[in-house]
Structures are given as structure tokens and as C-alpha cells.
Amino acid sequence: MTYYSKVIGTGGYLPEKVLTNAQLSETVDTSDEWIYERTGIKSRRIASAEETASSMAEIAARQAIEAAQIDPESIDLIIVATGTPDRVYPSTGCLLQRRLGIKHAVAFDIQAACSGSIFGLSIADQYIKSGAAKTVLVVGSEACSRIVDWTDRTTCILFGDGAGAILLTASEEQGILSTHIHSDGEYEELLYCPTSTEQQAGYISMRGNEVFKVAVNTLGRIVDETLEANELEQSHIDWLVPHQANSRIIAATAKKLKLSMDQVIMTLENQGNTSSASVLLAFNEGVRDGRIQRGQVVLLEAFGAGFTWGSALIKY
Ligand code: UT7
């Protein structure tokens, strides 16, 4: 018997500290108008000195567990997507496992930059469909503020911190309908973050305008691929839950799906780009405020460094 991966709980966490465009314009040569017009961002959250990817992941994961009303011990697999791990090792997945006090799960991290949570959903779905796992926790958690060069106005205006979580369990009812993930390592130079062992310090470097163009085209293609694989029309999609990098990229994907912006879950304005956390944070917001209803069809998508990109089509 093949099972579906059914969503049974979601969670999210944002650090308390808010950094506004106006505050940023006091330290770098930019303005609220420029940032909002070009990106759709007004403010972002910044992790405190004590907060880490695993501490934020714990709060989001506990919320998802509470929503699902399950015994945490029933979780078989913990997947954490992060580009800003607490440590090189142990993995943030293992650190989260410890924080949650779950003894029997297997835990690991994946690194697919901003597409991390979509890659996580895809891996979780393969484990559940194959019968290798029954209940899987996927978390995207990022302390992006630690790898941002706060003197570089082309990148420091974009990123924020936070964590999103989702719990999936094997079910005969429909859940994840399909996932589609891709990568192309040819684009390393357009968006990268050196490690602390390289000579250059570990800050994000991005040729934003070039990334923008590839992102719009690639996300258009992933929409087609997802609809075709499921033999669906645009009109079958109730909600778009996009990676929150730039409102103009999101608007282009919504247009491709013939969706009004009212059918798009937007968190960008007050969160910025939280990399691998953004899609799960947005999904959680849509579920918790009641916009995303049981039985509706939701398209999640993301694009990030690598390049990596992907989608997950979910019947919630
Ligand atoms: O999440 C992973 C994937 N990442 C993305 O998808 C990000 C994709 N890229 C973007 O979102 C956009 O390219 C940005 C928001 C990063 C930049 O917007 P843009 O419309 O592509 O601007 P641009 O890079 O072409 O720069 C236009 C001008 C330049 O000045 P000149 O050369 O025309 O004189 C920049 O120096 O804007 C200048 N500029 C700024 N001005 C004020 C760049 N950053 C700023 C700034 N404030 N913060």
C-alpha cells in the first residue's frame, strides 16, 4: 500500500527584534522607498545573541507537535534545512533532536539554500511513500543575520531570521500530491557564501539582478512542471505559498498561475527573506490564520543558491 504524506501540524517562530528599512538607512546608503519598491520588504526580524538555528527550530517544531497533538516519540525522522547551522557538526537536526528529547528518530540537515524546505519536503515524502518512515518533522531555520555583510546595501536589506516547521504522517488520505526538485551548480558565482575556512570572510555575495532574471524564468517552468505532472489547470490551485525573496518575483509566479495576489500567502513585508525558513513560515501563517483550509490545493515553491529550485503540491 502506498501512503500519502499528510500535513498534521505546522509551526513558526520569529525573533523579537525588528529591524526596519528606516533603521537600515541610517547605516547604509539606502532608503525605505528604494527597498520597498524593489523588494516589497519593510522590516525583518533579527535573532538575539543567544538565538541559533536550533533554538528557533525548537520553538517552531514544538508548535507543530502541539498542533498535531502527537507524542513527539512517534517522530521517526527529523530533517532540518539550514544554511546557518549552529555548528558544522553535530548537525542542527541532531541538536534539535536533543532539544526535543526525541530518542528514536534519525536526524540530519540538508543544505539547499533558500530551497531547503522544499527539498526537505521532497525527502520526507519519499521516506513516507516508501514506508521507510511514518512521521516526519521538517524544519527550515535560519539566522541569516550572521552571514550578512551589514555594510553591503545590495544584500543586507534583504534577509531576516526565523524558523518554520511542518509535521507529516503516512495517511491513506491525500496529502503531498507531488514534489519536484532541481539543481544546477553552474551558477555558483551569482549567489554564494564562503565558509569561515576560506580566506574571504563568510558573508553572502549576490549578483541580485542576474539572480532575479533566472529566478523568474525558472519558477515559471516549475509551475508548468508541477501542473503537468498532476494533470491540473491553473484554476485548480487555491493558494500559492512562494519563497519570500522579492515581491516582483512572487507577482510574476502568481501571474503565471493566473492567481490574484489575494491567493498568495505573503510574509515578505515584515520578515524579509528568511531563506530555507520562508516557505514553511508562510505556510504556517496561512494555516493558522484560517486562509488555507482542509481539502484545498496549495503550491509551495522556492528558488535559491546553487542554483536550487523546486515545488511541492499539497492537498491540505
Ligand atoms: O532567495 C534567493 C534568491 N534571491 C533572489 O531571488 C533575489 C533576486 N534579486 C532581487 O531581488 C533584486 O535583484 C534586488 C532586490 C537584490 C535588487 O533589485 P534590482 O532592481 O535588481 O536592482 P539592481 O541590482 O539592478 O540595482 C539597481 C541600482 C544600482 O545602482 P546603479 O548601478 O543603477 O547606479 C544599485 O547600486 O540600485 C542600486 N542599489 C541600491 N540603491 C539603494 C542596490 N541596492 C540598493 C539599496 N538602496 N539597498
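Residues numbered from 1 in each chain as written. Predicted model: local features only at pLDDT ≥ 70, side-chain atom pairs only at ≥ 80, totals over all residues. Heavy atoms only, no water.

## Here we look at the site of the ligand
For the record, the criterion: Residues are counted as near a molecule or strand when any one of their heavy atoms sits within 4 Å of it. For this analysis, a polar contact is any N or O atom pair within 3.5 Å, provided that within protein one partner can donate a hydrogen and the other can accept it, and provided that sequence-adjacent residues contribute only side-chain to side-chain pairs. Areas reported as accessible are Shrake-Rupley estimates using a 1.4 Å probe. Residue values count occlusion only from the protein chains shown. Numbering goes from the N terminus for both helices and strands, where a helix is a DSSP run of H or I of at least four residues and a strand is a run of E of at least two.
The ligand sits among 23 residues. The nearest are T30, R38, N209, N246 and N273. Take H243: an N or O atom from its side chain is 2.9 Å from an oxygen atom of the ligand. Contact between the ligand and N273: an oxygen atom at 2.8 Å from a side-chain N or O atom of the residue. Protein contacts shield 73% of the accessible area of the ligand, which totals 950 Å² for the unbound molecule. Counting residues per element, the ones that place at least two in the shell around the ligand are α2 (32-39), α6 (208-229) and α7 (247-256).

## Remarks on the sheet that holds strand β11 (residues 239-242)
Quick note on the threshold: We treat two strands as partners when DSSP finds at least two bridges between them. Axis definition: a line fitted to C-alpha atoms, over the contacting stretch in the case of helices. Angles run 0 to 180 degrees between N-to-C directions. Contacts are residue-level and defined by heavy atoms, with any inter-residue pair within 4.5 Å sufficient.
Read from one edge of the open sheet, four strands run β8-β13-β12-β11, paired in mixed fashion. Of all strands in the sheet, those bounded by a partner on one side alone are β8 (176-183) and β11. Geometrically, the sheet is characterised by an average inter-axis angle of 10° between neighbouring strands, direction not taken into account. Relative to strand β13 (residues 308-315), strand β12 (residues 297-304) runs antiparallel, the two sharing eight bridges. The residue bridging L300 from the neighbouring strand is A312, located in β13. On the sheet, helix α5 (residues 116-130) packs against β8, β12 and β13 and is oriented at approximately 125° with respect to β8.

## Overview of the domain arrangement of the protein
Selection rule: The source of the domain bounds is an automatic or database domain assignment. Here the quantity called buried area is the total loss of accessible area, with a 1.4 Å probe, experienced by two parts when brought into contact, counted for both. Any carboxyl oxygen of Asp or Glu within 4 Å of a side-chain nitrogen of Lys or Arg constitutes a salt bridge here. Residue classes follow a fixed rule: Ala, Val, Leu, Ile, Met, Phe, Trp, Tyr, Cys and Pro count as nonpolar, while Asp, Glu, Lys and Arg count as charged, and any other residue, Gly among them, counts as polar.
Looking at the assigned domains, one finds that the protein contains domain 1 (4-171) and domain 2 (176-315). Distance between the C-alpha centres of domain 1 and domain 2: 15 Å. Opposite the 58 residues of domain 1 that make contact, domain 2 presents 44 residues. Together, the buried faces of domain 1 and domain 2 total about 4,000 Å²; carbon and sulfur atoms form 61% of this surface. When residues of domain 1 are sorted by the area they lose upon contact with domain 2, C114, I118 and I147 head the list and together hold 16% of the total. Counting across the interface, domain 1 meets domain 2 through zero salt bridges. Remark: the boundary between domain 1 and domain 2 carries 25 residue pairs in polar contact (both at pLDDT 80 or more). At the level of elements, β1 (4-13), α2, β3 (43-46), α3 (53-68), α5, β6 (135-143) and β7 (161-171) are the ones that each hand at least two residues to the side of domain 1 that touches domain 2. If you tally residues by element for the side of domain 1 that touches domain 2, the top one is β1, at nine residues. The class makeup of the residues in the side of domain 1 that touches domain 2 is 26 nonpolar, 20 polar and 12 charged.

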